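Given next are the chains, with one letter for each unit.
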Amino acid sequence: MGGTIEQTAVERRSASRADTKAFTAQVFHVVRVPLARHMTLLLTLLALLFAAISFFIGPSGLDIGTVAAGLFSDHGTASVIARDIRLPRAALALFVGGALGASGAALQGLFRNPLAEPGVTGVTSSAGLGAVIALYFGFASLSPAVLPLCAIAGALCSAAILYVLSLRGVSVTALILAGVAIASLATALTALALSLAPNAYAMSEMVLWMMGSLKDRTLADLYFAAPLSLAGVALLAVSARGLDALTLGEDAAHSLGVNVGAVRRRVVFGVALATGAATAAAGAVSFVGLVVPHLLRPFYGYEPARLILPSALGGAALVAASDIAVRLIAPDGQLLLGVLTAMLGAPFFLWLILNLRRGQ
Amino acid sequence: MNPAVFLQSVSADYSGRPALHHVSASFAAGAVTAVVGPNGAGKTSLFRAMLGLLPSRGVIRILDRDLKSWSGSGLARTMAYLPQGADAHWPVTARRLVALGRIPHRKSFAPPTVEDDAAIEDALLRCEAVAFADRAIDELSAGERARVLLARALATNAAILLADEPAAHLDPAHQLQLMELLRAEARRGTAVIVTLHDLALAARYCDDVVVMQAGQVATQGVPDLALSDEILARVFGIGAVRVAGDAGRAQLVACRPLGFA
């Protein structure tokens, strides 16, 4: 008797849970279908909106009209602030976010795992190491191109290590662990490089490189970051169909006429280019490439080809928004961009692992 | 008529270890040919050699042209491959998974053409997968998933289909359904080449059987000849009984291991 009552209660509870689930799914479906159709437009508008807001806020307290006028014609101090401080910061947020978002989507496609990301796989920290070496041992003064190139070289090193490991059939979990090891090593070497460097501000600079920030960027940073990160994203975009074919496994992708080796090399190089350029401009900003593709999957589907460019747009919007939040929360610059993205991204990473476990 | 795939004295190794040793076989268009053999006999290596995935010596001719003279995309349009234990790494919908089979026909960055869409729908229809075409692949049962993966290979509309153990992990009803699908594909003129562990399925559904053992072809012929008692005993170490089946074909039932009294 007690058994039946209990059973009925359990049945009722699970039935109501199923109802709630079905209802949520239905609501989500109703919202999702029109959203998915216009998602790309929406992401573009969001990114531009956040960049515009980012452009109009700052410690100088200039009103919108003055800053806008300063951008287009010469208005003394207002023009200096608009052109040399606000514009690089707002525009860099878009390029950095775009590069990191697309790199995340492409790495997830390459490793066929939603946990892959430039930060988690150590590519970002290695790029930071390359930049720090260039900057603090004087190579960067040789030419303005040296800093981004060294960051790209650093990113390429770690991406190449992961690539070689993946060729040897190492499991994805092991690859992610290798990424963690590379990230710790790169961070340790960055600290070492900074303490050896003849620089009085090494400690505070170190934090900037390891956590990432868009504070005090110049137009020169933008001139290098923009074309290099765009080139990286373009390289990832042309690999998109190959990554889709890899959904079926390597032999099947081969049988579909896809040159799997070439796709892998293009992705590794594209990620190094995009992440290296982004890190040279903003330091190590992590978890953007993890969060963005995951948030966009319900709208675009799981195929890497559908996700790479939207993830670039989404990443741009997210970084621009985070850079606004950073300044609104702590106007004196105590909160760094990378700290905020890690505070949002790391719990998300854990949640993702928990959900993947349950899914299996 | 010349065979769709012709192999003469093909040898190959996997990092020094011999995988295929002077294999000669032929696979006809419009027929289902089974490749059978114990584990490690070289069935998958044979497929990989035919696809150019495993470098090999000897002669491999695909539609009367040497394998090496085919371009990558040309070969991809001609031979569809369903690997062993095939699965999707992302939970895409069934229709989008089938759409991946059109990759060899599509130009870069071009949206799918009317022909692509028609081939996708046709493949879903032939594999009776239309009902769940918009569900994610990880929500499907094993039998449904096997049909979707086969539809992916069929969507290429290739002249040759290589299916490696497509019937593994399926219950008897779904195994029979899958074999019927392959037969229907052969009736359309495709050269269907399939590896099977279930000799009864091979005997019942296939026009031709290639028996492999230790990287070599033990024999090739119609099921009654290729799966004779002598071959079953020598290659597989089993005995079998045959019962009267439909269409005058003897049905094979593997029944006892030899050497275990």
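Cut-off values and rules
- Residues numbered from 1 in each chain as written.
- Chains lettered and ligands numbered in written order.
- Predicted model: local features only at pLDDT ≥ 70, side-chain atom pairs only at ≥ 80, totals over all residues.
- Heavy atoms only, no water.
- Helix = DSSP H or I, 4+ residues; strand = E, 2+ residues; numbered from the N terminus.
- Rg over C-alpha atoms; globule rule 2.2 N^0.38 Å.
- Buried < 20%, exposed > 50% of the residue type's maximum accessible area, 1.4 Å probe, protein only.
- Areas by Shrake-Rupley, 256 points an atom, 1.4 Å probe, with all protein chains shown as cover.
- Lys, Arg positive; Asp, Glu negative; His and termini not counted.
- Charge placed at Lys NZ, Arg CZ, Asp CG, Glu CD.
- Contact = heavy atoms within 4.5 Å.
- Pairing = 2+ DSSP bridges.
- Salt bridge = Lys/Arg side-chain N within 4 Å of Asp/Glu carboxyl O.
- Patch = residues over 30% accessible without salt bridge, like charges linked within 9 Å, V, L, I, M, F, W, Y side chains within 5 Å.
- Axes fitted to C-alpha atoms, helices over the stretch in contact; angles between N-to-C directions.
- Phe/Tyr/Trp six-rings, centres within 6.5 Å; stacked < 30°, edge-to-face > 60°.
- Lys NZ or Arg CZ within 6 Å of the ring centre and 35° of its normal.
- Expected span 1.5 Å × (residues − 1).
- Core = buried A, V, L, I, M, F, W, Y, C linked by side-chain atoms within 4.5 Å.
- Buried area = accessible area lost by both parts, 1.4 Å probe.
- Parallel < 35°, antiparallel > 145°, perpendicular 65-115°, else oblique.
- Nonpolar A, V, L, I, M, F, W, Y, C, P; charged D, E, K, R; others polar.

Here we come to the overall build of chain B. What chain B contains, in helices and strands, is 9 helices and 12 strands. In terms of overall dimensions, chain B is globule-like: its C-alpha atoms have a radius of gyration of 19 Å, near the 18 Å expected for 261 residues. The principal-axis extent of the C-alpha atoms belonging to chain B is close to 60 × 40 × 35 Å. Per-residue burial over chain B gives 50% buried out of 261 residues. With the model as given, the accessible surface of chain B reaches about 11500 Å², and the carbon-plus-sulfur share is 54%. A distance of 5 Å separates the average location of the 26 positive side-chain charges in chain B from that of its 26 negative side-chain charges.

A tally of regular secondary structure across chain A gives 14 helices and 0 strands. Mapped from its N terminus to its C terminus, chain A presents α and β elements in the order α-α-α-α-α-α-α-α-α-α-α-α-α-α. For chain A, the residues scored as buried account for 50% of the 360 residues in total. Within chain A, counting contacts between residues at least 6 apart in sequence, those at least 24 apart form 77% of the total. Of the accessible surface of chain A, which amounts to about 16400 Å², a share of 70% is contributed by carbon and sulfur atoms.

Before going further, it helps to spend a moment on the pairing of strand E9 (residues 208-213) of chain B. All names here are of chain B. For E9, a buried count of 5 out of 6 residues is recorded, marking the element as mostly surrounded by other parts of the structure. Judged from the 4 bridges that link them, strand E3 (residues 32-36) and E9 form a sheet pairing that is parallel. Counted as the bridge partner of Ala34 is Val209 from E9. Taken together, the 5 bridges between E9 and strand E10 (residues 216-221) define a ladder with antiparallel strand orientation. Its bridge partner lying in E10, Val211 is registered against Thr219.

Counted by the stated rule, this structure contains 20 salt bridges over all chains. Put simply, A:Arg327 and A:Asp323 hold a salt bridge, and the shortest N to O gap is 3.2 Å. Of this pair, A:Arg327 and A:Asp323 both sit in helix H13 (residues 304-329), separated by 4 residues, roughly a single helical turn. Residue classification places A:Arg327 among the buried positions, given a relative accessible area of 13%. Salt bridges sharing partners connect three or more residues here, namely B:Asp122, B:Arg126, B:Glu185 and B:Arg188.

Once that is clear, we can look at a nonpolar patch on the surface. All names here are of chain A. On the surface, Ile133, Phe137, Phe139, Leu142, Leu185, Leu189, Leu192 and Leu196 cluster together to form a nonpolar patch covering roughly 770 Å² of accessible area. Counting residues per element, the nonpolar patch draws most heavily on helix H6 (residues 172-196), which supplies 4 residues. Mapped onto the elements, Leu192 comes out in helix H6.

Okay, the sheet that holds strand E5 (residues 65-66) of chain B next. Residues and elements named next belong to chain B. Strand order across the open sheet formed by 4 strands is E2-E1-E4-E5, with antiparallel pairing between neighbours. Taken across any chain shown, the strands that pair with only one partner, and hence form the sheet edges, are strand E2 (17-27) and E5. With 7 bridges joining them, strand E1 (residues 5-14) and E2 adopt antiparallel strand pairing. Of the residues in E2, the one forming a bridge with Tyr14 is Arg17. Where helix H1 (residues 43-50) meets the sheet, its contacts fall on E1, E2 and strand E4 (57-62), and the angle it forms with E2 comes to roughly 70 degrees.

The subject of this paragraph is the packing of aromatic side chains. The full count for this structure, using the stated rule, is 4 aromatic pairs over all chains. Centre to centre, the rings of A:Phe55 and A:Phe56 are 5.1 Å apart; their planes meet at 75 degrees, and the pair counts as edge-to-face. Taking relative accessible area as the criterion, A:Phe55 reaches 8% and is therefore assigned buried. Take A:Phe56: its relative accessible area is 27%, and that puts it in the partly exposed class. Above the ring of B:Trp70, the side-chain terminus of B:Arg65 is found at 4.3 Å from the ring centroid.

Another aspect to go through is helix H4 (residues 114-126) of chain B. Working note: α-helix, 3.6 residues per turn, so residues spaced by three or four point in the same direction. All names here are of chain B. Between its first and last C-alpha atoms H4 spans 18 Å; for 13 residues at 1.5 Å apiece the expected length is 18 Å, and the two agree. Check the buried side of H4 and you find it contacts helix H3 (94-99), helix H5 (142-154) and helix H6 (172-187). Following H4 by one or two positions, Glu128 adopts a phi angle in the positive range, close to 50 degrees.

For B:Arg234, the location among the structural elements is in helix H9 (residues 229-236). Taking the C-alpha atoms as reference points, B:Arg234 and B:Ala218, separated by 16 residues in sequence, lie 9.5 Å from one another.

Our next topic: the sheet that holds strand E8 (residues 191-195) of chain B. Residue and element names in this part refer to chain B. On the basis of which strands lie adjacent, the open sheet formed by 6 strands has the order E6-E7-E8-E3-E9-E10 and mixed pairing. Two strands close off the open sheet at either side, each with one partner strand: strand E6 (79-82) and E10. Between one strand and the next, the sheet's axes are offset by a mean angle of 15 degrees, whatever the strand orientation. As paired strands, E3 and E8 are joined by 4 bridges and run parallel to one another. Bridge pairing in E8 places Val32 opposite Val192. The strands touched by H6 are E3, strand E7 (160-164) and E8; relative to E8, the strand with the most contacts, the crossing angle is about 155 degrees.

Glancing now at the nonpolar core. One finds B:Val36, B:Leu97, B:Val148, B:Leu150, B:Leu196 and B:Leu227 to be the most contacted residues of the largest nonpolar core, which totals 139 residues. The element that contributes the greatest number of residues to this core is helix H3 (residues 77-111) of chain A, accounting for 12 residues. In contact with B:Val148, other than residues within four places in its own chain, are B:Ala94, B:Leu97, B:Val98, B:Ala129, B:Phe132, B:Ile137 and B:Leu140.

Each partner contributes residues to the interface: chain A has 28 residues there, and chain B has 28 residues. Of the roughly 2200 Å² buried where chain A meets chain B, counting both sides, 65% is carbon and sulfur surface. When residues of chain A are sorted by the area they lose upon contact with chain B, A:Arg241, A:Leu248 and A:Leu256 head the list and together hold 31% of the total. For the interface between chain A and chain B, the tally reads 2 salt bridges.

With a phi angle near 50 degrees, A:Arg112 is a residue other than glycine that sits in the positive phi range. Inspection of the secondary structure assignment puts A:Arg112 in the loop between H3 and helix H4 (123-136). Given a relative accessible area of 19%, A:Arg112 falls into the buried group. The phi angle at B:His169 is positive, at roughly 65 degrees, despite the residue not being glycine. Residue class for B:His169 comes out exposed when judged on its relative accessible area of 77%.

Glancing now at the packing of helix H2 (residues 64-72) of chain A against H3(A). All names here are of chain A. As a packed pair, H2 and H3 sit with axes 7 Å apart at the nearest point and diverge in direction by 85 degrees. In terms of orientation, H2 and H3 fall into the roughly perpendicular class. On H3, the residues that touch Thr66, Val67, Gly70, Leu71 and Phe72 of H2 are Ala78, Ser79, Ala82, Arg83, Arg86 and Leu87. Here the residues of the contact of H2 with H3 are counted per class, giving 6 nonpolar, 3 polar and 2 charged.

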